[in-house]
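If you want the building blocks of each chain, they are given just below.
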Amino acid sequence: MNWYNSAAVRNALIVIGVVSLLAISGVKYASVRNRLLTERTAVSTQWAEVASAMQRRADIIFNLANPMKDFSHDTGDVVVKIAEARATLSGSRTPQDTMAAYDRLNLAISRLLSVVQNERRLRAEVKLSHLPDDVSNTENEVNIARERYNEALQTYNAALQLFPNNIVAAMSGFTRNDAYIQTEAGAGQGAKM
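Residues numbered from 1 in each chain as written. Predicted model: local features only at pLDDT ≥ 70, side-chain atom pairs only at ≥ 80, totals over all residues. Heavy atoms only, no water.

Quick notes on helix H6 (residues 165–172)
- Regarding H6, the residues found buried are Asn165, Val168 and Ala169. Within H6, the buried residues cover an arc of 100° as seen down the axis, which keeps them to one side. Facing away from the buried side of H6, by more than 90 degrees, are the exposed residues Ala170 and Met171.
- At the exit of H6 stands glycine 173, carrying a positive phi of roughly 85°. (Buried < 20%, exposed > 50% of the residue type's maximum accessible area, 1.4 Å probe, protein only. Helix = DSSP H or I, 4+ residues; strand = E, 2+ residues; numbered from the N terminus. Arc of directions from axis to C-beta.)

Observations regarding unusual backbone geometry
- Going from phenylalanine 163 to proline 164, the amide bond is cis rather than trans, its omega being 5°.
- Relative to the elements of secondary structure, proline 164 occurs in the loop between helix H5 (131–161) and H6.

Topic: the packing of helix H1 (residues 7–65) against helix H3 (residues 95–118)
- It is the contact of H1 with H3, at a shortest axis distance of 11 Å, that shows an interaxial angle of 25°. Of the possible angle classes, the one that applies to H1 and H3 is roughly parallel. Here the hand of the crossing between H1 and H3 comes out left-handed. Residue-level inspection shows Trp47, Met54, Arg57, Ala58, Ile61 and Ala65 of H1 in contact with H3, the latter providing Pro95, Thr98, Met99, Tyr102, Leu105, Asn106, Ile109 and Leu112.
- Residues that form the contact of H1 with H3 fall into these classes: 11 nonpolar, 2 polar and 1 charged. (Axes fitted to C-alpha atoms, helices over the stretch in contact; angles between N-to-C directions. Parallel < 35°, antiparallel > 145°, perpendicular 65-115°, else oblique. Left-handed = near helix turned anticlockwise from the far one by under 90°. Contact = heavy atoms within 4.5 Å. Nonpolar A, V, L, I, M, F, W, Y, C, P; charged D, E, K, R; others polar.)

Thoughts on the confidence of the model for the chain
- Here the chain averages 85 in pLDDT, while 85% of its residues score no lower than 70.
- Across residues 185–193, where pLDDT falls below 50, the model places 11 contacts with residues more than four positions away in sequence or in other chains. (pLDDT = per-residue confidence, 0-100.)

Focus: the environment of valine 116
- Tracing the backbone through its elements, the reader meets valine 116 in helix H3.
- Between the alpha carbons of valine 116 and alanine 65 there is a distance of 9.8 Å; along the sequence they are 51 residues apart.

Section: the side chain of glutamine 46
- Looking at the secondary structure, you find glutamine 46 in helix H1.
- If we skip the residues at most four places from it in the chain, glutamine 46 touches Arg148, Tyr149 and Ala152.

Quick notes on the nonpolar core
- Counting 42 residues, the largest nonpolar core has Leu36, Val50, Met54, Ile82, Leu105, Leu112 and Tyr149 as its most contacted members.
- Only H1, helix H2 (73–91), H3, H5 and H6 provide two or more residues apiece to this core. (Core = buried A, V, L, I, M, F, W, Y, C linked by side-chain atoms within 4.5 Å.)

Observations concerning the side chain of arginine 57
- When you line up the elements, arginine 57 lands in helix H1.
- We classify arginine 57 as buried; its relative accessible area is 3%.
- Polar contacts involving the side chain of arginine 57 include one to the side chain of asparagine 106, which spans 2.5 Å.
- The residues contacting arginine 57, other than those within four sequence positions of it, are Tyr102, Asn106, Ile109, Val135, Thr138, Glu139 and Val142. (Polar contact = N/O pair within 3.5 Å; in protein donor to acceptor, adjacent residues only side chain to side chain.)

In structure tokens form, the structure reads like this:
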């Protein structure tokens, strides 16, 4: 009787093969899951940078606008709108809420720039030559953070679709995230005076 024909040897080889396959599958599963966790964390990190840049912009704009509040009824109203949008932005918990608050802030900023443009006394009494540049620079910071966030989100979503990542994602509860930040045509145009 040949040793390689015995049932015990065949069964042992089958068991070794199954155990090896399970071990390799487990290692691959852990590797893919860790990669997906890393990608999802990168999305969260990039979103935090977007939110931080938006809040920094709101703070800068408020600090620039606040001294103007007593010049006229219009400037006072605009400063109140900026303060309200800033507070809403600070309290936002989701990307959608944050973007809605940021849009309200941008409307208030556009109104502020319009009021400043039309108020001769305001332009004469307050040094505002740097206001459009400050608004534009902070918007550029926000746009860079938005681009990085969208790139991280795209990388994460693409990773979810690849095999075997899609299987691991389904087993581990990873889901597609479509909270891309859309930049509207003309966004930030209010920064020009």
